[in-house]
Amino acid sequence: AKTGLSVAVSSLTGDGMQDFVHFVEEALVKMLVPIELEIPYDKGDELNMIHEVGNVELVDYRATGTYVLARVPTAIANRLSKYSVTELLDEYDNNAISNSDTAAVSSTGEEDINWERIARGRHEA
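## Comments concerning the overall build of the chain
Thought 1: Within the chain one finds 5 helices and 7 strands.
Thought 2: Secondary structure elements of the chain occur, N-terminal to C-terminal, as β-β-α-β-α-β-β-α-α-β-β-α.
Thought 3: Sequence separation of at least 24 residues holds for 49% of the intrachain contacts in the chain that already meet a minimum separation of 6.
Thought 4: Carbon and sulfur atoms form 53% of the exposed surface of the chain, whose accessible area is close to 8,900 Å².

Right, here's the structure in full:
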């Protein structure tokens, strides 16, 4: 039985053990923050650390590095922020916006679509 921040567990019968495990899992998940990174292949130690201390949800091997969607402690997330996909996309967007708009009007008068921005999920509806 759970009450507040305590869980009753019987050492004789093991009753309440499932509640205890569930409570600990919930508490640990609350301590983790989501990250979305693309780690260069030569930084395998960083990827290994994520696997050791975090909860990895998705790994995808791309041309420029390993894409990772995970939950890790805040200190680790801060340390790895330089690999953040969000920051990379924001930097790309800033460069793309300064070079050309999201959509431009072609010589035929129709709007050209910037497919790269759409592929990166950074387009406007």
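Anyway, onward from the coordinates.
## As for the pairing of strand β4 (residues 55-61)
Within a regular strand, the side chains alternate between the two sheet faces.
Thought 1: Relative to strand β5 (residues 66-73), β4 is paired through 6 bridges, and the arrangement is antiparallel. Within the sheet, the bridge partner assigned to Tyr61 lies in β5 and is Thr66.
Thought 2: Hairpin connection from β4 to β5: 4 residues lie between these consecutive antiparallel strands, with Gly65 at a positive phi of about 160 degrees.

## Quick look at the pairing of β5
Thought 1: Direction of pairing for strand β3 (residues 32-39) relative to β5: antiparallel, over a ladder of 8 bridges. Its bridge partner lying in β5, Val33 is registered against Val72.

## Quick word on a nonpolar patch on the surface
Thought 1: Side chains of Val9, Met17, Phe20, Val21, Val24, Leu28 and Met31 sit close together on the surface and give an oily, nonpolar patch of about 590 Å² of accessible area.
Thought 2: Note on placement: Leu28 falls in helix α1 (residues 17-30).

## Overview of the side chain of Ser84
Thought 1: Mapped onto the fold, Ser84 is located in the loop between α3 (74-79) and α4 (85-99).
Thought 2: Owing to a relative accessible area of 13%, Ser84 belongs among the buried residues under this scheme.
Thought 3: Once you skip the residues sitting within four places of it in the chain, Ser84 turns out to touch Glu36 and Leu37.

## Some details on the sheet that holds β3
Thought 1: Overall, antiparallel pairing links the 3 strands, which are arranged β3-β5-β4 in an open sheet. In this open sheet, the two edge strands, each paired with only one partner strand, are β3 and β4. In this sheet, adjacent strand axes meet at a mean angle of 15 degrees when their direction is disregarded.

## A few points about the environment of Met17
Thought 1: Examined against the element boundaries, Met17 turns out to sit in helix α1.
Thought 2: Sequence separation between Met17 and Val7 is 10 residues; the distance between their C-alpha atoms is 8.6 Å.

## Overview of the side chain of Glu46
Thought 1: Within the secondary structure layout, Glu46 lies in helix α2 (residues 44-53).
Thought 2: Look at Glu46 and you get buried, because its relative accessible area is 7%.
Thought 3: Among the polar contacts listed, one links the side chain of Glu46 to the side chain of Arg79, at a separation of 3.2 Å.
Thought 4: Apart from residues no more than four positions distant in its own chain, Glu46 is found in contact with Ile39, Arg79, Leu80 and Tyr83.

Conventions used here
- Residues numbered from 1 in each chain as written.
- Predicted model: local features only at pLDDT ≥ 70, side-chain atom pairs only at ≥ 80, totals over all residues.
- Heavy atoms only, no water.
- Helix = DSSP H or I, 4+ residues; strand = E, 2+ residues; numbered from the N terminus.
- Contact = heavy atoms within 4.5 Å.
- Areas by Shrake-Rupley, 256 points an atom, 1.4 Å probe, with all protein chains shown as cover.
- Pairing = 2+ DSSP bridges.
- Patch = residues over 30% accessible without salt bridge, like charges linked within 9 Å, V, L, I, M, F, W, Y side chains within 5 Å.
- Salt bridge = Lys/Arg side-chain N within 4 Å of Asp/Glu carboxyl O.
- Buried < 20%, exposed > 50% of the residue type's maximum accessible area, 1.4 Å probe, protein only.
- Axes fitted to C-alpha atoms, helices over the stretch in contact; angles between N-to-C directions.
- Polar contact = N/O pair within 3.5 Å; in protein donor to acceptor, adjacent residues only side chain to side chain.

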